[in-house]
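# Notes for the structure review
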Amino acid sequence: MPSTAQTTTHEDLNIDLRNPGWAAFWAWLLPGAGHLYQRRHAKGILFLVCILGTYFFGLNLGGGHVVYASWRPNDKRWQYFCQLGVGAAALPALVQSRLVRNGEEPLFGGLMAPPRFVSGTDNQFELQRDELARWHLDYHAYFDLGTLFTMIAGLLNILAIYDAYAGPMIMPLERSSDKPPPNGPAGRPAT
Amino acid sequence: MWSLLATGETVNQVWYAIPLVIVVSLVYGATRHETIPGILVNAYHAATWIVSFMAVIFGILLVISWWV
C-alpha cells in the first residue's frame, strides 16, 4: 500500500490512499465512501452530507421526477449523465426506465421513472397526455431547480472521486518552495 | 432593482442559491485541503468568489434591463 508524506506550509499531509482504484469506485457508488474506506473520516462525512443532501433535496424539489433515464426522440435526458455521478442513488432510474420501456408498471409509485408519453409538439390533444409537460406544470420552476441541484450533486461527486483517487490537489502557493515534494499528488509515489 | 427582487417567486428562487453556494464551496475546498480548518478557509474564499461573480452578472443583467 502506498503511504507517503507531503508537507505544505500549514498542513502536514500524510495520506494513505490505500487502493486508489477501489477508493474511486466506492466514492462513485456512495459519495464519501471512498474517503471513509481510506479512513479520511472528516472529508468522507463532509462529502456524504453535502453531496447526498444536495441530491435528495433536488430530488424532493421535483417530486422525485427530476432524475430519470430516457433517450427517446422527444425526450433526450442528457442531464441524467451528470446525475449519474452520485452513483447508487441515481441507479434506480435505469431500472425504472427498463420497466417503462417494456410496458410494465414502474416501482415505488413512479419515483425516478421516465414520463410515459412526451409529445414534443404544441398539439393540445397530445399535450394533455404529455406526462413531462404535466410535471413542469405541477412543479413549475422547481422542476428545473431540482434538476439543477441533482446535476450539481453528481458533478461535485466527480471532484470527490478524483480526491479519493489522487488526494487533495494542493495549490502551488501552499507548497513548500524550499524543495519540491519527493512524490506525486499526495500519497502516491511519482513514477 | 427592488422590483426584480420583490416578487415572491423570484425571491424564493434566489434563496435556493445559498445552499448551493455553501455546498459547492465546501466540496471545492475539500478537494484542495485535508484538514477541516483549511477546508473552511478555502470554502470561505470560494464562496466569496462565487457570490461576487453572481453579483457582477446580476449587475450586468440589471444594466441591460434598463437599456432594453
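Residues numbered from 1 in each chain as written. Chains lettered and ligands numbered in written order. Predicted model: local features only at pLDDT ≥ 70, side-chain atom pairs only at ≥ 80, totals over all residues.

## Digging into the overall build of chain A
Threshold: Here a helix means four or more residues in a row that DSSP labels H or I, a strand means two or more in a row labelled E, and each is numbered from the N terminus. Using C-beta atoms placed from the backbone, we call a residue buried if 20 or more other C-beta atoms fall within 10 Å of its own, exposed if 12 or fewer do, and partly exposed for counts in between. Contact between two residues is assigned when their C-beta atoms, built from the backbone, lie within 7 Å.
Per the secondary structure count, chain A includes 8 helices and 4 strands. When the helices and strands of chain A are placed in sequence order, the string is β-β-α-α-α-β-β-α-α-α-α-α. Evaluated residue by residue, chain A yields a buried proportion of 39% over its 191 residues. Contacts spanning at least 24 positions in sequence make up 58% of the contacts within chain A whose residues lie at least 6 apart.

## Let's talk about the confidence of the model for chain B
Quick reminder of the rule: The pLDDT value expresses, per residue, how confident the predictor is, ranging between 0 and 100.
On average, residues of chain B score 88 in pLDDT, and 84% of them reach the 70 mark or higher. The lowest-confidence element of chain B is helix H1 (residues 2-6) of chain B, averaging 52 in pLDDT; the highest-confidence one is helix H3 (residues 17-30) of chain B, averaging 96.

## Some points on the environment of Gln79 of chain A
All names here are of chain A. Relative to the helices and strands, Gln79 is located in helix H4 (residues 79-83). Distance in space between the C-alpha atoms of Gln79 and His41 is 30 Å, their sequence separation being 38 residues. In contact with Gln79, other than residues within four places in its own chain, are Thr147 and Met151.

## Here we look at helix H4 (residues 36-67) of chain B
Quick note on the threshold: Take the number of residues in a helix, subtract one, and multiply by 1.5 Å to get its expected span.
Taking 1.5 Å of rise per residue, the 32 residues of H4 of chain B would be expected to cover 46 Å, and the 46 Å separating its terminal C-alpha atoms lies within 8% of that figure. Burial in H4 of chain B covers these residues: Gly38, Ile39, Asn42 and Ala43 of chain B.

## Concerning the nonpolar core
Rules: To form a nonpolar core, buried Ala, Val, Leu, Ile, Met, Phe, Trp, Tyr and Cys residues must be joined through C-beta atoms within 7 Å.
Grouped together as the largest cluster of nonpolar side chains are 46 residues, with contacts concentrated most on Ala27, Ile51, Val67, Leu156 and Ala160 of chain A together with Leu26 and Val27 of chain B. Among the elements of the structure, helix H1 (20-29), helix H2 (33-37), helix H3 (41-61) and helix H8 (141-166) of chain A together with H3 and H4 of chain B are those that each provide at least two residues to this core. Other than its neighbours up to four places away in sequence, Ala27 of chain A contacts Ala33, Gly34, His35, Ala160, Ile161 and Ala164 of chain A.

## Some thoughts on the packing of H8 of chain A against H3 of chain B
What counts here: Inter-axis angles, ranging from 0 to 180 degrees, are taken between N-to-C directions of lines fitted to C-alpha atoms, where helices are fitted over the stretch in contact. Angles below 35 degrees are treated as roughly parallel, those above 145 as roughly antiparallel, those between 65 and 115 as roughly perpendicular, and all remaining angles as oblique. Two helices cross in a left-handed way if the nearer one is turned anticlockwise from the farther one by less than a right angle. They cross in a right-handed way if the turn is clockwise. Each residue receives one of three labels: charged for Asp, Glu, Lys and Arg, nonpolar for Ala, Val, Leu, Ile, Met, Phe, Trp, Tyr, Cys and Pro, and polar for the others, Gly being one of them.
Where H8 of chain A meets H3 of chain B, the closest approach of the two axes is 9 Å, and the angle between their N-to-C directions is 15 degrees. In terms of orientation, H8 of chain A lies roughly parallel with respect to H3 of chain B. In this structure, H8 of chain A meets H3 of chain B at a crossing whose hand is left-handed. Taken together, the residues of H3 of chain B that come into contact with H8 of chain A (itself represented by Ile152, Leu156, Leu159, Ala160 and Asp163 of chain A) are Leu20, Val24, Val27, Tyr28 and Ala30 of chain B. For the contact of H8 of chain A with H3 of chain B, the per-class residue count stands at 9 nonpolar, no polar and 1 charged.

## A word on the interface of chain A and chain B
Each partner contributes to the interface: chain A provides 23 residues, whereas chain B provides 16 residues. For the side of chain A that touches chain B, the secondary-structure elements that each account for two or more residues are H3 and H8 of chain A. Residues that form the side of chain A that touches chain B fall into these classes: 18 nonpolar, 2 polar and 3 charged.

## Focus on the confidence of the model for chain A
All names here are of chain A. Overall, the prediction assigns chain A a mean pLDDT of 85, with 82% of residues at 70 or greater. Confidence drops under pLDDT 50 across residues 1-10; counting only partners more than four residues distant or on other chains, this segment forms 27 contacts. When the criterion is pLDDT under 50, residues 176-181 qualifies, and its contacts beyond four places in sequence or with other chains add up to 5 contacts.

## Let's talk about the packing of H3 of chain A against H8 of chain A
All names here are of chain A. Between H3 and H8, the shortest axis-to-axis distance is 7 Å and the interhelical angle comes to 160 degrees. One finds that H3 runs roughly antiparallel with respect to H8. Crossing hand, H3 versus H8: left-handed. Between H3, through Phe47, Ile51, Thr54, Tyr55, Phe57, Gly58, Leu59 and Leu61, and H8, the contact on the second element is made entirely by Tyr142, Leu145, Gly146, Leu148, Phe149, Thr150, Ile152, Ala153, Leu156, Asn157 and Ala160. When the residues that make up the contact of H3 with H8 are grouped by side-chain class, the tally is 14 nonpolar, 5 polar and no charged.

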